Amino acid sequence: MAESVLLVEDDRAMGEALRRLLRAAGFSVTRYASAEALLESGAARESGCLVVDINLPGISGLELRRRLTESGSRARVIFITAYEDDNLRDAAFRTGADAFFTKPFMGRDLIAALRTVLQA
């Protein structure tokens, strides 16, 4: 059975590219265009890992992580962002991020991080 990955990415082209990449690597992927859509779905409770863009419209990726933690979710989180910023990276890890990637990144690196996180 394929490991479940939830992808929260508001950019349609990036979201579709990541969805295809992860499916080709054997993951079951569901994409959400916003943090609000993910929260409304309740799907984070059943997922092994989330790949979340930090800079989302509305609720940010960091705030999403905080809300999931407060609700008791144990979902693992890998953050992605287009902004290279050490303070942002530090904030992501303070929220409990399992990995952090700045776009553009190598697809194989994301896949390797997902496999590591899901095996832990």
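These numbers were taken from a predicted model, which means no experiment stands behind them.

Time to look at the pattern of salt bridges. Tallied over the full model, the rule gives seven salt bridges. Here Glu9 and Lys103 are joined by a salt bridge, their closest N and O atoms 2.9 Å apart. Within this pair, whereas Glu9 is found in the loop between strand S1 (4-8) and helix H1 (12-24), its partner Lys103 is found in the loop between strand S5 (99-102) and helix H5 (107-119), the two being separated by 94 residues in sequence. Note that Arg19 and Glu16 form a salt bridge whose closest N and O atoms lie 2.4 Å from each other.

Nonpolar side chains tend to gather and get buried jointly when the protein is soluble and globular. Within the largest apolar cluster, 23 residues are counted, with the highest numbers of intra-cluster contacts made by Leu38, Leu50, Val52, Leu64 and Phe79. Contributing elements (two or more residues each) for this core: S1, helix H2 (35-41), strand S3 (49-53), helix H3 (61-70), strand S4 (76-81) and helix H4 (86-94). Non-local contacts of Leu50, meaning those with residues more than four positions away in its chain, are made with Leu6, Leu38, Leu68, Ala75, Arg76, Val77 and Ile78. By size, the runner-up hydrophobic cluster in this structure holds 19 residues, among which are Val29, Phe105, Leu110 and Val117.

Let us look at H5. Taking 1.5 Å of rise per residue, the 13 residues of H5 would be expected to cover 18 Å, and the 18 Å separating its terminal C-alpha atoms lies within 8% of that figure. Of the surrounding secondary structure, the elements contacted by the buried residues of H5 are S1, H1, S3, S4 and S5.

Attention shifts here to the side chain of Thr81. With respect to the secondary-structure elements, Thr81 resides in strand S4. Separated by 3.2 Å, the side chain of Thr81 and the backbone nitrogen of Tyr83 make a polar contact. Leave out the neighbours within four places in its chain, and Thr81 touches Asp53, Ile54, Asn55, Leu88, Phe100, Phe101, Thr102 and Lys103.

Estimated volume of the largest pocket: approximately 180 Å³. Together, 13 residues line the largest pocket, and Ala44, Arg45, Leu68, Ser71 and Ser73 are the ones closest to its centre. When contributions to the lining of the largest pocket are tallied by element, the ones reaching two or more residues are H2 and H3. Considering only residue class, the lining of the largest pocket consists of six nonpolar, four polar and three charged.

By secondary structure assignment, the location of Val51 is in strand S3. You can call Val51 buried: its relative accessible area is 0%.

Moving on: the packing of aromatic side chains. In total, this model carries two aromatic pairs according to the counting rule given. Seen in terms of ring centroids, Phe93 and Phe100 are 6.4 Å apart; in terms of plane orientation they differ by 40 degrees. Their pairing is tilted. Plain terms: the ring middles of Phe101 and Phe105 are 5.4 Å apart, the flat faces sit at 45 degrees to each other, and that makes the pair tilted. Relative accessible area serves as the criterion here: at 18%, Phe105 is assigned to the buried category.

What counts, and at which threshold
Residues numbered from 1 in each chain as written. Predicted model: local features only at pLDDT ≥ 70, side-chain atom pairs only at ≥ 80, totals over all residues. Heavy atoms only, no water. Salt bridge = Lys/Arg side-chain N within 4 Å of Asp/Glu carboxyl O. Helix = DSSP H or I, 4+ residues; strand = E, 2+ residues; numbered from the N terminus. Core = buried A, V, L, I, M, F, W, Y, C linked by side-chain atoms within 4.5 Å. Buried < 20%, exposed > 50% of the residue type's maximum accessible area, 1.4 Å probe, protein only. Contact = heavy atoms within 4.5 Å. Expected span 1.5 Å × (residues − 1). Polar contact = N/O pair within 3.5 Å; in protein donor to acceptor, adjacent residues only side chain to side chain. 1 Å grid on protein atoms, 1.4 Å probe; cavity = no way out; pocket = protein on both sides within 12 Å on 5 of 7 lines; lining within 4 Å. Points joined across faces, edges and corners; volume = space filled by probe spheres on them. Nonpolar A, V, L, I, M, F, W, Y, C, P; charged D, E, K, R; others polar. Phe/Tyr/Trp six-rings, centres within 6.5 Å; stacked < 30°, edge-to-face > 60°.

From the geometry alone we can't say anything about function, so treat these as descriptive.
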